[in-house]
Amino acid sequence: MRIDKLIKKLLLFALLVASYGTAAEQNNAAVYRQQVDKPVSAVYDSVYKSLEEARFFVVFEPDIGANLARFGDKWGEDYNRNNLSVIRSMVFCNGWYANKVSNLDPGMLGLCPLHLTLIEKEGKATVLFNRPTAIAKNSPATAVLQEIEDEVIAAIKAGLK
C-alpha cells in the first residue's frame, strides 16, 4: 500500500474516533482502550519502546492531530468538536506473526500492519487498539490473532505504567 493511501485511511480512522461520543467509546468491546492521567507526550515513547520490546516494530508514526489541524479553518465549528489536544498513531508489525496469519488465513492479512492511536483530552492520554479478534470471528487464524491481541495489549499496559 502506498504511504499516501495509508495516511488517508489513518486520517479517516482518526475522524471516526474523534466523532464518537464518550459513551460509545467506552461501550465498544471491539476497541481496547486504556486511559492514564498523563499527557500523550509523557507516555508515547514508553508505549513505542514497549511495542518494540514485544517484537512489534513500529514502521510509521503519523501525527494525525497535526494533519487535521490544517483543515481547522476549512471545517470551522465542525473541527475537533471533542477538543482532543493530541491524536497520534503507531503503525506496527511483527513479521513472524504476519507469516503465521498468512499461512492460516491470507484474508486476515488485511489486519497487517496493526496500529494503535493515542488521543489526549484534558491532559489525559487514552490508547485505542482495534482488537483483531473482533474481526477474525470464525477465521482459522483466530487463535494466533488472539495471541497477537494479548501481546499488544500487554505491551500497551507495560508502556503506560
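For the structure, check the block above.
Anyway, here's the lowdown on the structure attached to this text. Within every chain, residues take consecutive numbers counted from 1 along the sequence as written. A pLDDT threshold of at least 70 governs which residues receive local features in this predicted model, and a stricter bar of 80 or more applies before side-chain atom pairs are shown or counted, although totals over entire chains, interfaces and linings include all residues. In computing side-chain values, all of the structure's heavy atoms are included and hydrogens and water are not.

## With respect to the environment of asparagine 130
- Among the secondary structure elements, asparagine 130 is positioned in strand E5 (residues 124-130).
- Buried, partly exposed and exposed residues are distinguished by accessible area as a fraction of the type maximum, computed with a 1.4 Å probe on protein chains only: under 20%, between the cut-offs, and over 50%, respectively. Among the residues examined, asparagine 130 registers a relative accessible area of 26% and is labelled partly exposed.
- Through-space distance from the C-alpha of asparagine 130 to that of leucine 114 is 8.5 Å; in sequence the pair is 16 residues apart. Segments assigned H or I by DSSP are reported as helices when at least four residues long, segments assigned E as strands when at least two residues long, and all are numbered from the N terminus.

## A short note on the packing of helix H6 (residues 95-104) against helix H8 (residues 142-159)
- Here the axes come from fitting lines to C-alpha atoms, over the contacting stretch only for helices, and the angles between their N-to-C directions go from 0 to 180 degrees. Closest axis-to-axis distance for the H6/H8 pair is 10 Å, and the angle between their directions is 155°. Classified by the interaxial angle, the pair formed by H6 and H8 is roughly antiparallel. The two elements H6 and H8 meet at a crossing, and its hand is left-handed. Here H6 contributes Tyr97, Lys100, Val101 and Leu104 to the contact with H8, which in turn contributes Val144, Leu145, Glu147, Ile148 and Glu151. Oblique is the label for any angle not under 35 degrees, not over 145, and not in the 65 to 115 range, which are roughly parallel, roughly antiparallel and roughly perpendicular in turn. Two helices that cross are described as forming a left-handed crossing if the nearer one is turned anticlockwise from the farther one by less than a right angle, and a right-handed crossing if clockwise. In what follows, residue pairs with any heavy atoms lying within 4.5 Å of each other are defined as contacts.

## Topic: empty space enclosed by the protein
- Cavities and pockets are found on a 1 Å grid laid over the protein atoms alone: a cavity is a set of points where a 1.4 Å probe fits but cannot escape, a pocket is an open set with protein on both sides within 12 Å along at least five of seven lines, and a lining residue has an atom within 4 Å of such a point. Grid points are joined across faces, edges and corners, and a volume is the space filled by probe spheres set on the points. For the structure shown, the criterion picks out one cavity of 30 Å³ or more.
- As a volume, the largest cavity reaches approximately 130 Å³.
- The wall of the largest cavity is formed by 16 residues, among which Ala98, Leu111, Cys112, Leu114 and Ile148 lie closest to the centre.
- Those elements that provide at least two residues to the lining of the largest cavity are strand E3 (86-93), H6 and H8.
- At three residues, the largest contribution of residues to the lining of the largest cavity is made by H6.
- Note that Gly is not counted as nonpolar here; it falls among the polar residues with everything else outside the nonpolar set of Ala, Val, Leu, Ile, Met, Phe, Trp, Tyr, Cys and Pro and the charged set of Asp, Glu, Lys and Arg. Looking at the lining of the largest cavity residue by residue, the class counts come to 15 nonpolar, one polar and no charged.

## Here's the deal with the environment of aspartate 37
- Summarising the element assignment, aspartate 37 is placed in the loop between strand E1 (31-36) and helix H3 (40-53).
- Each C-alpha atom, one on aspartate 37 and one on glutamate 122, is 9.2 Å from the other, the two residues being 85 residues apart in sequence.
- If we ignore the near neighbours within four places in the chain, the residues touching aspartate 37 are Gly123 and Lys124.

## Quick look at the nonpolar core
- Counting residues in each nonpolar core, the largest one holds 31 residues, and the members touching the most others are Leu51, Met90, Phe92, Leu116, Ile148 and Val152.
- Of all the elements in the fold, those that place two or more residues in this core are E1, H3, E3, H6, strand E4 (114-121), E5 and H8.
- Among the elements that take part in this core, H8 stands out by supplying seven residues, more than any other.
- With near-sequence residues (within four places) excluded, methionine 90 lies in contact with Tyr44, Val47, Tyr48, Leu51, Val58, Phe60, Leu114, His115, Leu116 and Leu118.
- Throughout this description, the term nonpolar core refers to a set of buried Ala, Val, Leu, Ile, Met, Phe, Trp, Tyr and Cys residues connected via side-chain atoms within 4.5 Å. Counting six residues, the second-largest nonpolar core is a separate cluster that includes Ile64, Leu68, Leu84 and Ile119.

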